[in-house]
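# Chain and residue survey
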Amino acid sequence: MQNKARANPSEVEVAPERLPGGGEVQNPCPEVSAGFLSRLSFWWFTKMAILGYRRPLEEQDLWSLKEDDCSQKVVNRLLEAWKKLQKQAVGHEAAAATGKKASGEDEVLLGGQPRSRQPSFLWALLATFGPSILISMCFKVVQDLLSFINPQLLSILIRFISNPTAPTWWGFLVAGLMFLCSMVQTLVLHQYFHCIFEMALRLRTAITGVIYRKALVITNSAKRESTVGEIVNLMSVDAQRFMDLAPFLNLVWSAPLQIILAIYFLWQNLGPSILAGVAFMVLLIPLNGAVAVKMRAFQVEQMKFKDSRIKLMSEILGGIKVLKLYAWEPSFLEKVEGIREDELRLLRKSAYLQAISTFTWVCTPFLVTLTTLGVYVSVDQNNVLDAEKAFVSVSLFNLLKIPLNMLPQLISNLIQTSVSLKRIQHFLSQDELDPQCVERKTITPGYAVTIDNGTFTWAPDLPPTLHSLDIQVPKGALVAVVGPVGCGKSSLVSALLGEMEKLEGTVCVKGSVAYVPQGAWIQNCTLQENILFGQALDPKRYQQTLKTCALLADLEMLPGGDQTEIGEKGINLSGGQRQRVSLARAVYSEADLFLLDDPLSAVDSHVAKHIFDQVIGPEGVLAGKTRVLVTHSISFLPQMDFIIVLADGQVSEVGSYPALLKRNGSFANFLSNYAPDEDEENMKDNRTVLVERLEVSGPLRSPLVKLSVFWDYAKAMGLYSTVAICLLYPGQSAASIGANVWLSAWTNEAMTESQQNNTSMRLGVYAALGILQGLLVMLSAITLTVGSVQAARFLHQALLHNKMRSPQSFFDTTPSGRILNRFSKDIYVIDEVLAPTILMLLNSFYNSVATLVVIVASTPLFTVVALPLAVFYVLVQRFYVATSRQLKRLESISRSPIYSHFSETVTGSSVIRAYGRSQDFKAISDAKVDANQRSCYPYIASNRWLGIRVEFVGNCVVLFAALFAVIGRNSLSPGLVGLSVSYALQITLTLNWMIRMMSDLESNIVAVERVKEYSKTETEAPWVVEGSRPPAGWPLQGEVEFRNYSVRYRPGLELVLKKLSLHVHGGEKVGIVGRTGAGKSSMTLCLFRILEAAEGEIRIDGLNVADIGLHDLRSQLTIIPQDPILFSASLRMNLDPFGYYSEEDLWRALELSHLHTFVSSQPAGLDFQCSEGGENLSVGQRQLVCLARALLRKSRILVLDEATAAIDLETDDFIQATIRTQFESCTVLTIAHRLNTIMDYTRVLVLDKGMIAEFDSPANLIAARGIFYGMARDAGLA
């Protein structure tokens, strides 16, 4: 593999550009230049270990990736293999199809028809990573063979002790050989692991890259099948599974090999009686198999619950503002807790199974030794159990224990990975968008877009959304697409982009495309990067773009100008700004064809006019380009070259404005109703003030994990469990030492007489001690697992309850990905990783203590050496833990950008494809993955570095135990020597495992810290204040009064509203208008106490709203919010999550909001499932659902926040009419979009820079010739 890279010079020339950090290779990995010995002992890593111990590591301390580890290379190798297999599979299917026709004879020979083959992702992986696996196999074989030399040496040593006449140098030679053999074994083993883990890293990189590339091309129907969260899970959880499996992979053949060798040597030692022990082991395999199968079933089920919980959480975080405004948190809280309970139920079940399997595995070696020795002694009176036989057998059985211990873990890992493999393969085999769906090359001359008899659908199983379309758009034309809600306007644009599945007909589009979607898609990067979208900066063109898109004024308000970091989903821009940025991106791209899906709906009327004149219209910067504009606003239609009118997915009329008017068809009716209507004003009040540069990575935590975190976890487990665990573990160690000391005494008996008499008593006590150990193990495992489930419940509950009560400002400043990470990754660690880690840590800790006790007891000289070894061990451990923890943290910081970029890509894939930027996005993703690999690689090397040093300590223990045995051979019985050396042979593993578990525990306990941290963030005011609940039926009048009211978004920021004082009488209709950033939306947020007052107060019906609970307040007000947010649940849940209202109420609300026909046409009726974010309803329909929610609540005060933005005029009329009739007696506060909707209101409030500029009836304001008059004049109403 490496030769290939070196042989191709052009590849190597390109490489440095690709490395993260750009330019030449900075900070190359020292491994590349290290010598043989340094590589063998991982000495090259020492520098990093010391650095990490001295100060916290930073990004720039990490080494650059090696050429062969870069995403670009690794992903392409896997992709090639996968594509090849896909081609073959397609070939096979084709062959099968033709074969059937061709010959009947072959069919008979082949035995029935060949089954259709899905390409196997596993084969692709093997083809790509096969060579690395082979190299690792060679290392593994050597290591396996070496591990069987030490028991042979032990038997020679015991013989030497039993034979007083043997020369002393012979003993020293054996001790030396033991040490040498152990050292060689250590070095080989770590080369093996290094090889394997490097492959595992590449494997993860490759899988991540392949999934990313696939996500850019899957069809919409495939995307609908799995939510964004589930697709991200493939990348985060499932790709990680492969990495976790890698170290176990070779056990598939190595475990049987070790077992066979162990049995062979045992046979030589004890003869046929070992068959009893082996039979016992074989019998245990099906038992463990059954347990593993059961656990797998739980695993799959639990994954489902976890997926649905994360999906629900991500929706809750996405729509948190709506939940707060409607006071719906309790209902969703209940839903999440319901799923969580199911999850914990399964966790508890699998925990019990885990305890059973722990029991069998701890007791297996012992029971096997017991049966074997028992049979050996009872079969024949002359079989004498001497030290050599007993302890060589014990050490062989200990060797046998490792592969047998690993097998169940291997099986369960294989099972988990096979589940992941299926999921990934299913995803990779999804249908892809057909790149040939839209013909880009040839087109009728003179035209930019032609559709000929086109029929399109969103998914093969849905009825076509658009049918038999015939559309021709000449080059350079300006075309409007109009029609009622849900008639397929946005679908038409998608069809032109090739996003829909074409059933028949042809679509031709000439030249490059720029696309402005209906909901702006904003990336989490600077404003400038959002507009340039990967193109080079041309200052003149850039400035012109900003000017024509009316963004200059906004830039002055942003803290960093165009370098302001924009939060994910454009959280810190108002709706109108997002839309304009999206438009600016299109303008800057200088494409040939512009597809604009209603870009003017989210901006206020004067801005819309400005944009139309400067950008889209006949005199705009895009004049001469082809423009297809989906629009609801009538005022611009006369300037169009021609207009396409859609109805029910078909073109009902096409023609120029005058021609259509003459024709007196559907278009003319549509217009005559709305001629006076003016474009809407819908501009979210400027939220930009609230953003300083968003922190992306999250805070870097202090290096030391505090003990308090462990204490927190212990408390969460329950103190009884904790105490019980602390007592049970020493008990089980004592029992195990007891059994072995007893065995040693038994073997020494053989020295004195040639026959052992009371075998049965010896066996009985041995058995009793062993079984006692087993029971204690079982008990401690169960206590621990029960405790850990308890802790998991407690910690998740605290986190969830706190997050549901966090103020809105928390969600505005914290990327949802970071919060979601707490709920997925960290809770997963607490659920499934912590308990086993603690279990193993305690096991290995008590094992090593037991070993030291036994060695010191048999050769007291050992204490002299024990101290320096312990000091060395602790030193290495400190260096390692400090460094590895930093690396782990760097790794997790660089991990979340991969996923947030991925979920951003999945949501914006249509925009990315439209602009033809898929390649660049792949490169960005690769760079992010590479940055993550840069911290993974040293982490893996740190484990090897540690392993070699710790095993050196272990090997020294073996050496000294043997040496002191040789020195004190006159005073020692062979039984004691056997006991102490066979214990020493085990210590290497235990010491290694112990540090590994310690550092695992330290890096995983961070999850508890992170969850705790988010469970303690400040919360908003209480939901219900028991002492001061409002009277029943409050507010009766619905009068609202602001007294000297000021508010700011967050402490330390400017005031948004300054000393407002106004009084609205019950039943009044008040329109609120003002330029962007005047504080219109802030007023509504204050009413609902999403923002708390800086000074002053708001009174509703004379009651100060700050005195009552938030839910008491919010549930008595009604709002139709700006962005219609739906949750993926049934329509019923979306309207009435608490189930307060009757069926009739719901239907009546639907009827009044004109959704009745749509819902009754759905087979599921009210149980119609809305998809994530309400994707399967049009924006207009979503808005109507919000109206229906308001109608159900029917409170005395209604707030309308620009609710009619994305709605065509017809629907807008419905809504206005419904509000006039249904909310006649209520107080209505409307943030106005189209002035004509509020011209008949009682009063209009004009806000300017957070202060009241004018407040009077519309007629008086127009007469006063102030700000309002200016706005009305712009809108043609004055």
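Numbers given for residues are sequential positions, taken from 1 along each chain in its written order. Reporting in this predicted model follows two pLDDT cut-offs: at least 70 for local features of residues, and 80 or more for side-chain atom pairs to be given and counted; totals over whole chains, interfaces and linings ignore these cut-offs and use all residues. The basis for every side-chain value is the complete set of non-hydrogen atoms in the structure, without hydrogens or water.

## Structural notes on the overall build of the protein
Where helices and strands are cited, they refer to DSSP runs of H or I of at least four residues and of E of at least two residues respectively, numbered from the N terminus. Along the protein, the regular secondary structure elements total 44 helices and 20 strands. Atoms counted for the radius of gyration: C-alpha only. Globule rule: 2.2 Å times residue count to the power 0.38. A compact globule built from 1278 residues would reach a C-alpha radius of gyration of about 33 Å, and the protein, at 37 Å, matches this within 12%. Projecting the C-alpha coordinates of the protein onto the three principal axes gives extents of approximately 125 × 85 × 60 Å. Within the protein, buried positions represent 58% of all 1278 residues. Throughout, a residue-residue contact means that at least one pair of heavy atoms, one from each residue, lies within 4.5 Å. Within the protein, residue pairs in contact and separated by at least 24 positions form 82% of the contacts whose partners lie at least 6 positions apart. Each accessible area is a Shrake-Rupley result for a 1.4 Å probe, and residues are judged covered by the shown protein chains and nothing else. Summed over all atoms, the accessible surface of the protein reaches about 50100 Å², with 61% contributed by carbon and sulfur. The buried label goes to any residue with under 20% of its type's maximum accessible area, the exposed label to any with over 50%, and the partly exposed label to all in between, with areas taken from a 1.4 Å probe on protein chains only.

## As for helix α16 (residues 329-379)
Count 3.6 residues to each turn of an α-helix, and residues three or four apart come out pointing the same way. Given the number of residues in a helix, its expected span is that number minus one, multiplied by 1.5 Å. For α16, which comprises 51 residues, the first-to-last C-alpha distance of 72 Å matches the rise-based estimate of 75 Å (1.5 Å per residue) to within 8%. Bend angle per residue: angle between axes fitted to the 7 residues ending at that residue and the 7 residues starting there. The sharpest bend along α16 measures roughly 40° and falls at T364, with the proline P365 sitting one to four residues further on.

## Some points on the pattern of salt bridges
We count a salt bridge whenever a side-chain nitrogen from Lys or Arg sits within 4 Å of a carboxyl oxygen from Asp or Glu. Taken as a whole, this structure holds 44 salt bridges when the rule is applied. R309 is the salt-bridge partner of E343, the closest N and O atoms lying 2.8 Å from each other. A residue pair is termed long-range when its members are at least 10 positions apart, and E343 in helix α16 and R309 in helix α14 (residues 274-318) qualify at 34 residues. Of the residues examined, R309 reaches a relative accessible area of 1% and is grouped as buried. Measuring nitrogen to oxygen at the nearest pair gives 3.5 Å for the salt bridge that ties D1145 to R1148. Within this pair, D1145 and its partner R1148 are both found in helix α38 (residues 1143-1152), separated by three residues, close to a single helical turn.

## What about the nonpolar core?
Within the largest apolar cluster, 366 residues are counted, with the highest numbers of intra-cluster contacts made by F121, L637, I643, Y713 and L1087. The leading source of residues in this core is helix α33 (residues 918-967), at 22 residues. In this description, a nonpolar core means a group of buried Ala, Val, Leu, Ile, Met, Phe, Trp, Tyr and Cys residues linked to one another through side-chain atoms lying within 4.5 Å.

## Focus on the packing of aromatic side chains
When we look at a pair of aromatic rings, we describe it by the centre distance and by the angle of the planes. Two rings belonging to Phe, Tyr or Trp (six-membered ring only in the last case) form a pair when the distance between their centres is within 6.5 Å. Interplanar angles under 30 degrees mark stacking, angles over 60 mark edge-to-face geometry, and anything in between is tilted. Inspection of every chain in the model, using the stated rule, returns 33 aromatic pairs. Ring centres of F845 and Y846 lie 5.3 Å apart, and the angle between their planes is 70°; this geometry places the pair in the edge-to-face category. Consider the rings of F872 and F952, whose centres lie 6.2 Å apart with planes at 80°: the pair is edge-to-face. In this pair, F872 is assigned in helix α31 (residues 862-907) and F952 in helix α33, connecting sequence segments 80 residues apart. Joined through ring pairs, the aromatic side chains of F42, W44, F45, W63 and W945 make up one cluster. Two thresholds decide whether a charge sits over a ring: the Lys NZ or Arg CZ must be within 6 Å of the ring centre and within 35 degrees of the ring normal. Over the ring of F533 we find R585; its NZ or CZ atom is 4.8 Å from the centre of that ring. Above the ring of F533, the side-chain terminus of R917 is found at 4.6 Å from the ring centroid.

## Considering the state of the cysteines
Only a pair of cysteine sulfur atoms within 2.5 Å qualifies as a disulfide here. According to the stated counting rule, one finds zero disulfides in the structure shown. For the unlinked cysteine C195, the closest cysteine sulfur is that of C138, found at 9.0 Å.

## Some words on the UniProt feature "transmembrane region" (unreviewed entry) in the protein
Cross-referencing UniProt, the feature "transmembrane region" (unreviewed entry) maps to residues 121-142, 169-189, 245-267, 273-293, 355-379, 763-786, 852-876 and 952-969 in the present numbering. Strand forms 0% of residues 121-142 and helix 100%; the C-alpha atoms that close the span are 31 Å apart. Counting secondary structure, residues 273-293 comes out at 95% helix and 0% strand; the distance between its end C-alpha atoms is 32 Å. UniProt positions are given in the numbering used here, feature names are shortened, and annotations may be inferred rather than shown by experiment.

## With respect to the environment of S858
Structurally, the position occupied by S858 is in helix α30 (residues 816-858). For S858, a relative accessible area of 6% corresponds to the buried category. C-alpha of S858 to C-alpha of R1010: the two residues are 152 residues apart in sequence and 47 Å apart in space. Sequence-distant contacts of S858, that is, excluding residues within four places in its chain, are made with L972, L976 and S980. Among the polar contacts made by the side chain of S858, one reaches the main-chain carbonyl oxygen of I855 at a distance of 3.1 Å. Each polar contact in these results corresponds to two N or O atoms within 3.5 Å; when the atoms are within protein, one needs to be able to donate a hydrogen and the other to accept it, and residues that are neighboring in sequence are counted only if both atoms are side-chain atoms.

## Side note on empty space enclosed by the protein
Gaps between atoms show up when a probe of the same size as a water molecule is rolled over them. Only protein atoms enter the 1 Å grid used here. Points where a 1.4 Å probe fits but cannot escape make up a cavity, open sets with protein on both sides within 12 Å along at least five of seven lines make up a pocket, and a residue lines them when an atom lies within 4 Å of a point. Grid points are joined across faces, edges and corners, and a volume is the space filled by probe spheres set on the points. All told, the structure shown has twelve cavities of 30 Å³ or more when counted by the stated rule. By volume, the largest cavity is sized at about 80 Å³. Looking at the largest cavity, the residues that line it are R204, T205, T208, M235, R895, I898, Y899, V929, N932 and Q933. Elements represented by at least two residues in the lining of the largest cavity include exactly α10 (168-215), α31 and α33. Of the residues belonging to the lining of the largest cavity, the class tally is four nonpolar, four polar and two charged. Amino acids are sorted into nonpolar (Ala, Val, Leu, Ile, Met, Phe, Trp, Tyr, Cys and Pro), charged (Asp, Glu, Lys and Arg) and polar (every other residue, Gly among them).

## Observations regarding the sheet that holds strand β7 (residues 593-597)
Sheet strands associate in pairs through backbone hydrogen bonding, adopting either a parallel or an antiparallel arrangement. Taken in spatial order, the six strands make up an open sheet running β6-β7-β8-β4-β9-β10, and their pairing is mixed. At either end of the open sheet lies a strand with only one pairing partner, and these are β6 (513-516) and β10 (650-655). Within this sheet the neighbouring strands show an average axis-to-axis angle of 15°, counted without direction. An axis is simply a line fitted to the C-alpha atoms; with a helix, the fit covers only the stretch in contact. Between two such axes, the angle follows the N-to-C directions and lies from 0 to 180 degrees. Contacts between helix α18 (residues 489-497) and the sheet are confined to β4 (478-482), β6, β7, β8 (626-630) and β9 (642-647), with β7 contributing the most and set at about 150° to the helix. For two strands to pair, DSSP has to find at least two bridges joining them.

## Brief notes about the packing of helix α12 (residues 228-249) against α31
Taken N-terminus to C-terminus, the directions of α12 and α31 make an angle of 140°; their axes are 10 Å apart at the nearest point. By the angle between their axes, α12 is oblique relative to α31. The way α12 lies across α31 gives a crossing that is right-handed. Each of V228, I231, V232, M235 and S236 in α12 lies in contact with α31, whose residues at this interface are I898, Y899, F902, S903, V906 and T907. Taken together, the residues of the contact of α12 with α31 break down into eight nonpolar, three polar and no charged. For this classification, under 35 degrees means roughly parallel, over 145 means roughly antiparallel, 65 to 115 means roughly perpendicular, and everything else is oblique. Here a crossing is called left-handed whenever its near helix is offset anticlockwise from the far helix by less than a right angle, and right-handed whenever the offset is clockwise.

## Observations concerning the environment of F332
Positionally, F332 belongs in helix α16. With relative accessibility at 1%, the residue F332 sits in the buried group. A C-alpha to C-alpha distance of 7.7 Å links F332 and I316, two positions 16 residues apart in sequence. Among all residues touching F332, those that are not within four sequence positions of it are L312, I316, L323, M804, F1127, M1133 and P1137.

## Points about the packing of helix α5 (residues 46-54) against α31
Relative orientation of the contacting elements α5 and α31 amounts to 80°, with a least axis distance of 8 Å. In this view, α5 runs roughly perpendicular relative to α31, as classed from their interaxial angle. Residues M48, A49, I50, G52 and Y53 of α5 lie in contact with α31, whose contacting residues are R878, F879, A882, T883, Q886 and L887. The class makeup of the residues in the contact of α5 with α31 is seven nonpolar, three polar and one charged.

## Quick word on a nonpolar patch on the surface
Note that patches include only residues with greater than 30% relative accessible area and no salt bridge, and the join distances are 9 Å for like charges and 5 Å for nonpolar side chains (Val, Leu, Ile, Met, Phe, Trp, Tyr). Side chains of W169, W170, L173, L177, L180 and V184 sit close together on the surface and give an oily, nonpolar patch of about 580 Å² of accessible area. On the basis of relative accessible area, W169 is assigned to the exposed category, the value being 57%.

## Let's talk about the sheet that holds strand β17 (residues 1197-1201)
As summarised here, the arrangement of the six strands in space is β16-β17-β18-β13-β19-β20, forming an open sheet in which the pairing is mixed. Of all the strands in the sheet, the pair left with one neighbour each is β16 (1117-1120) and β20 (1251-1256). Going across the sheet, the axis of each strand differs from the next one's by a mean of 20°, ignoring polarity. The sheet strands contacting helix α40 (residues 1179-1193) are β16 and β17, and the helix crosses β16 at an angle near 170°. Contacts between helix α44 (residues 1267-1274) and the sheet are confined to β13 (1069-1073), β19 (1243-1248) and β20, with β19 contributing the most and set at about 100° to the helix.

## Brief notes about unusual backbone geometry
The step from W1034 to P1035 runs through a cis peptide bond, and the omega angle for that step is -15°. Here P1035 shows up in the loop between α34 (974-1015) and β11 (1040-1048). Despite not being glycine, E590 shows a phi value in the positive range, around 50°. With respect to the helices and strands, E590 occurs in the loop between α22 (575-589) and β7. Phi at H1154 is positive, roughly 60°, even though this residue is not glycine. Note on placement: H1154 falls in the loop between α38 and α39 (1156-1161).

## Things to note about the environment of M557
The residue M557 is located in helix α21 (residues 552-557) in this model. Of the residues examined, M557 reaches a relative accessible area of 36% and is grouped as partly exposed. Sequence separation between M557 and G1077 is 520 residues, and the spatial gap between their C-alpha atoms is 9.2 Å.

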